[in-house]
Amino acid sequence: MRDLRRRALIPLISAAAAWPRAARAQQPGMPVIGLLGATSAQGYAAQLAAFRRGLAEAGFSEGRDVVIEYRWAEDQYERLPALAADLVRRQVAVIATIGGNAASLVAKAATTTIPVVFHGSIDPVEAGFVASLNRPGGNMTGVVTLNLDTGQKRLELMHEMLPSASTIGLLLNPTNAVADTQSKDLQAAARTLGLNLHVLHASTEPEFEPAVAALRQLGAGGLVIGTDGFLVSHSEALAALTLRYAVPAIFQYRAFVEARGLMSYGGSVTDSYRLSGIYAGRILKGEKPADLPVQQATKVELIINLKTAKALGLTVPLPLLGRADEVVE
């Protein structure tokens with residue numbers, strides 16, 4: 001068992017804002033990566049760190065031999081098209097997306113010539129990003145995680161944690177392009193498990209508390225938080241609310257558990273964003289997106305916060321505890 005501690009990444013965030021202009025002024029010949037983020041640097045610090053590690057593996061260090069131009073939508077998805085258009089006007093060498101499917105969809109619409117390394121959880125063939133996984137064929141390639149597909153598994157895990165609960169809540173961001181798909185898939189999974197699923201919506205931080213508070217009135221025993229970049233960037237706030245309102249909840253990344261949420265189950269941030277960084281570096285070296293197969297990050301992690309379980313008066317079933325990749329005490 002391992003005691004997880006929050007990483008000290010604030011200096012990294014500050015550097016993100018400072019590097020681009022300064023480094024570019026010193027060495028104007030350096031290649032430029034345009035990073036298009038649907039959320040914020042603060043909310044995605046761990047993902048940024050993993051992306052930089054991947055770049056380093058490919059031989060690039062920010063500020064030394066590559067510049068990263070950051071464009072953050074700050075959870076306002078409607079800002080993404082203008083931010084993407086700005087990167088296209090600047091003719092960056094490659095665009096990398098961060099923070100969920102919204103940024104990837106906008107990058108696809110913004111350019112057919114600048115290489116794009118997407119990161120998301122939707123089927124890239126169905127979304128029109130690539131012709132096929134093995135032979136992308138255009139200007140896009142990237143990494144697909146299992147986080148959308150694991151939504152049903154998160155519901156199953158919550159049911160296993162709370163076998164007597166007949167009603168579970170599902171929190172979604174309605175502005176996410178795949179929110180309806182998530183809702184339909186989990187509604188179907190809930191029927192299979194014999195559960196009632198109440199869908200709640202939040203697209204701004206002030207909407208979090210009313211949504212979580214409503215779970216008691218709905219008689220919901222627990223909460224599944226849907227896959228979405230905005231929701232991920234507010235993992236700490238969501239964890240605090242679920243603890244305050246004594247709601248057992250499960251989300252996709254470990255940051256939720258580190259902030260005292262009950263459980264997380266989803267793809268590894270380190271694994272998937274590191275792969276994105278490697279691909280961005282390989283493109284800078286001259287490889288074409290059309291020739292780089294879409295990578296599928298298959299590593300998933302189940303993490304349980306035992307301290308939170310005790311605070312909620314829950315006894316974690318031993319089979320569930322035995323399958324956990326990490327346990328926080």
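Keep in mind that what you see is a predicted model, and the values were worked out from it rather than measured.

Parameters and conventions
Residues numbered from 1 in each chain as written. Predicted model: local features only at pLDDT ≥ 70, side-chain atom pairs only at ≥ 80, totals over all residues. Heavy atoms only, no water. Pairing = 2+ DSSP bridges. Helix = DSSP H or I, 4+ residues; strand = E, 2+ residues; numbered from the N terminus. Axes fitted to C-alpha atoms, helices over the stretch in contact; angles between N-to-C directions. Contact = heavy atoms within 4.5 Å. pLDDT = per-residue confidence, 0-100.

Another aspect to go through is the sheet that holds strand β10 (residues 263-267). In spatial order, the strands read β7-β6-β8-β9-β10-β12-β13; together these seven strands make up an open sheet with mixed pairing. Edge positions in the open sheet fall to β7 (196-201) and β13 (326-328), since each of these has one partner strand only. Each neighbouring strand pair of the sheet contributes to a mean axis angle of 20 degrees, computed without reference to strand direction. Relative to β10, helix α5 (residues 151-161) is tilted by about 155 degrees, and along the sheet it contacts β6 (167-172), β7, β8 (222-225), β9 (249-251), β10 and β12 (300-305).

In this section: the confidence of the model for the protein chain. When pLDDT is averaged along the protein chain, the result is 89; 90% of the residues meet or exceed 70. Within the model, the stretch residues 1-26 combines pLDDT values under 50 with 40 contacts to residues more than four positions away or in other chains.

The backbone of Gln-91 shows a phi angle near 55 degrees, a positive value even though the residue is not glycine. Of note, Gln-91 is situated in the loop between α3 (80-89) and β3 (94-98). Although it is not a glycine, Ala-246 sits at a positive phi angle of roughly 55 degrees. Relative to the helices and strands, Ala-246 is located in the loop between α9 (235-244) and β9.

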